[in-house]
Amino acid sequence: MAAAIDGVLPATLQELVKKSKILVVGAGGIGCEVLKNLVLSGFTEIEIIDLDTIDLSNLNRQFLFHREHVGKSKARVAKESALSFNPDANITAYHDSVTSTDYGVSFFKKFDVVLSALDNRAARNHVNRMCLNADVPLIESGTSGYNGQVELIKRGLTQCYECTPKEKQRSFPGCTIRNTPSEPIHCIVWAKHLFNQLFGESVEDEDISPDAADPEAQEDADKQADGDASSELESKAVESANGNVVRINTRQWAKDCNYDAGKLFNKFFNDDINYLLKMSNLWKTRKAPEPVQWETLLPEGITNTESLSELARQHHKLWSVEECAQVFAHALKELSAALKLEADNILVWDKDFPPSMDFVAACANVRSQIFNIERKTRFEIKSMAGNIIPAIATTNAITAGISVMRAFSVLNAKWEQCKAVYARLRLNGRQQFLVPDGFFPPPNPNCYVCASDPAITLRIDTKRVQMKAFRDDVLIKTLNMLNPDVTVESTGSIAISSEEGETTCNEPKLLSEMNIVDGVILKCDDFFQNYELSIIIAHFDAERDEALFEVIADKSQLQPKEEEPEQPKEQEPSSRKRAANGSDITDEGPSTSKRSRPTEIDDSDDDCLVVEEDEDAEEEQKSKLDDVAEVVSDATAKLSVESIPKTAAKRKPTIESEQEDIMEILDSSDEEPAVPTKRKRTKLDDDTSCVEVISID
């Protein structure tokens, strides 16, 4: 090992390596390389944590794993493989979620450096907060295709992981998924919802039947005289009770017909489509869908079952509609059989379980054909449905090597040598493909995580959002808290408690019913993350399918954009961001939103990540800012006033461990460059040393 041989490392660094204690979070593509590098460098006190298990598809880039390890814990197998390089190393492996309460601030404080090799945003946010509170340097790394980056996060010296806004999540209104799909991803999401309706744990927002409440369809119904349309809709509801249109429980209806492929196919791809065609207003400006029937596609039924398995293995072939129907029938048979073996009578969709993937691919392509949308190969659908981030083993190895070299500099306290580094496929103007940052991006003074007095403005419809949704969707999903306590600053009353059962009675109440209205300031405290945040409530009345809330973390965003002076051409690099394809995009500020009744795809699900595309966004934003400027101005002033003492003492919450969502990473092609999450980087030109910034999640 390097540290065991005199002269390989400087004497001071050699001793530091021998004595240091390192935590590696993540044992995937980068994590395996990092662990190997640490062991070969001479580090002997290492702990590694990962909740994931080894899948067959991991073996092409995670070289500490072999075929006999499939199904086993990544962390434990990585430990055993790394010990073969240095049996004297003391490696502790945890097959667990890093967000578990077992790994709090005190756990992180015992390490000299933490190396993050994660691939999902929620876990990265959590590790960022733990390291900030423990005051432990964090080396964050990530790759996307041929691009990679390594950066240091240290409290007071650099910006934290949440100082800059990340890529917004895409979401689709339910009526788009159910009535008027226009992109392949719409059909893929619909197919996954159908899987859950038939075999999984169904959710009301994931109903796949035609949406008669679609505003466009309702408008069409209102135009018909004497209530004919409403009568027709009522008759359809009655028909659905007899199993002809999907208004009954889809799972029960499928069981009643013994998962008959022909009946299910006709219902989803013929009957439901004909029902949609009666909503004529939907098709005034769109091409109408063309229903398909089982008997038309396969008049003789399934004739050769042996060829279906071979067909399903042709992942790069574009299946015909007839082939999709055959794969649909074959997958349906296997899934219904697998369902009978489950004790809880529920299947969880898994992109690596062939029948599940075949079912979604077949259904998505049939629906695409019906709505005149481009069909995709099974491989392409798997990448979209499974949220697969492309990665290359060489990029992982380069990134991991830089991470460990940065760890050397951290141990030596040579902070100037710890600037971010970016790996690129092509050389820049200075003939570099490893591009160092020119400076440390300073902490964002308005960051709602690492600022001295973190506060945000929350635009929210207090008359429609319940306390349970406020906790789950705003505090946990959007602000990445784990188990928050919430008190009303003006009264000291407890609105949400981390103690189980204490405020359960408040969950169904609307915010307005709890006197959480326009101008109220909430004090949020997450004991486990040692994180406190002030939330200024700004009420607005949301329209149907409009965002029910929006987080505004930067108060400077409340200034009208047209009043800002025009900046000269040469400005600070931090005012622009760069996507992986090299195109510049404007920083829109750290704001997120949640839509009413959308099909939303986020990191916590094994779904595709999508970006919201709001029309007239600039005008809407200006209007929103005008609405809340006065409220925020008044409420912000209150933050300096001493709060009324809380009536309840802070207590440590008890939460269950949540399984991390680990995303599969496959190779990518040059034709489809990946776009990483936004992060700062500098652009090197021949005549300037300043850099432009990108971000890789």
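Model, not experiment: these values are computed from the prediction.

### Points about the nonpolar core
Counting residues in each nonpolar core, the largest one holds 61 residues, and the members touching the most others are Leu198, Phe199, Leu264 and Phe359. When residues of this core are traced back to their parent elements, those giving at least two are helix H7 (184-198), helix H10 (250-256), helix H11 (261-277), helix H12 (294-297), helix H14 (321-341), helix H15 (354-370) and helix H16 (378-385). In terms of residue count, H14 provides more of this core than any other element does, 11 residues in total. With near-sequence residues (within four places) excluded, Leu198 lies in contact with Thr250, Arg251, Ala254, Tyr259, Leu264, Phe268, Leu332, Leu339 and Phe359.

### Description of the UniProt feature "active site" (unreviewed entry) in the protein
Mapped onto this numbering, the UniProt entry gives "active site" (unreviewed entry) at Cys175. Examined against the element boundaries, Cys175 turns out to sit in helix H6 (residues 174-178). Residue classification places Cys175 among the buried residues on the basis of a relative accessible area of 11%.

### Side note on the side chain of Thr478
With respect to the helices and strands, the residue Thr478 is situated in helix H18 (residues 467-478). Note on Thr478: relative accessible area 17%, which makes it buried.

### Remarks on the environment of Lys468
Considering the arrangement of structural elements, one finds Lys468 in helix H18. By relative accessible area, which is 37% here, Lys468 ends up partly exposed. Distance in space between the C-alpha atoms of Lys468 and Ile496 is 8.9 Å, their sequence separation being 28 residues.

### A few points about the pattern of salt bridges
Opposite charge on two side chains permits pairing when their charged atoms draw close. Enumeration over the complete set of coordinates arrives at 22 salt bridges. Close ionic contact of Arg178 with Asp207 constitutes a salt bridge, the shortest N to O distance being 3.5 Å. With a gap of 29 residues between them, Arg178 in helix H6 and Asp207 in the loop between H7 and helix H8 (215-223) connect regions that are remote in the sequence. With its nearest N and O atoms 2.9 Å apart, the salt bridge here joins Arg471 to Asp472. Within this structure, Lys468, Arg471, Asp472 and Glu507 form a network of salt bridges that share partners.

### Focus on the side chain of Thr250
Tracing the chain through its elements places Thr250 in helix H10. Judged by relative accessible area, which is 4%, Thr250 ranks as buried. A polar atom in the side chain of Thr250 sits 3.4 Å from the side chain of Gln197. When near neighbours in sequence (up to four residues on either side) are disregarded, Thr250 contacts Gln197, Leu198 and Phe268.

### So, the pairing of strand S1 (residues 21-25)
Of all five residues in S1, four are buried; the element is thus mostly enclosed. Pairing geometry for S1 and strand S2 (residues 45-49), over five bridges, is parallel. What sits directly across from Ile22, in S2, is Ile46. Once the chain exits S1 it traverses helix H2 (residues 29-41) before rejoining the sheet at S2, and the crossover so formed is right-handed.

The rules behind each value
Residues numbered from 1 in each chain as written. Predicted model: local features only at pLDDT ≥ 70, side-chain atom pairs only at ≥ 80, totals over all residues. Heavy atoms only, no water. Core = buried A, V, L, I, M, F, W, Y, C linked by side-chain atoms within 4.5 Å. Buried < 20%, exposed > 50% of the residue type's maximum accessible area, 1.4 Å probe, protein only. Helix = DSSP H or I, 4+ residues; strand = E, 2+ residues; numbered from the N terminus. Contact = heavy atoms within 4.5 Å. UniProt positions renumbered as here; feature names shortened; annotations may be inferred. Salt bridge = Lys/Arg side-chain N within 4 Å of Asp/Glu carboxyl O. Polar contact = N/O pair within 3.5 Å; in protein donor to acceptor, adjacent residues only side chain to side chain. Pairing = 2+ DSSP bridges. Right-handed = clockwise from strand over helix to strand, strands pointing away.

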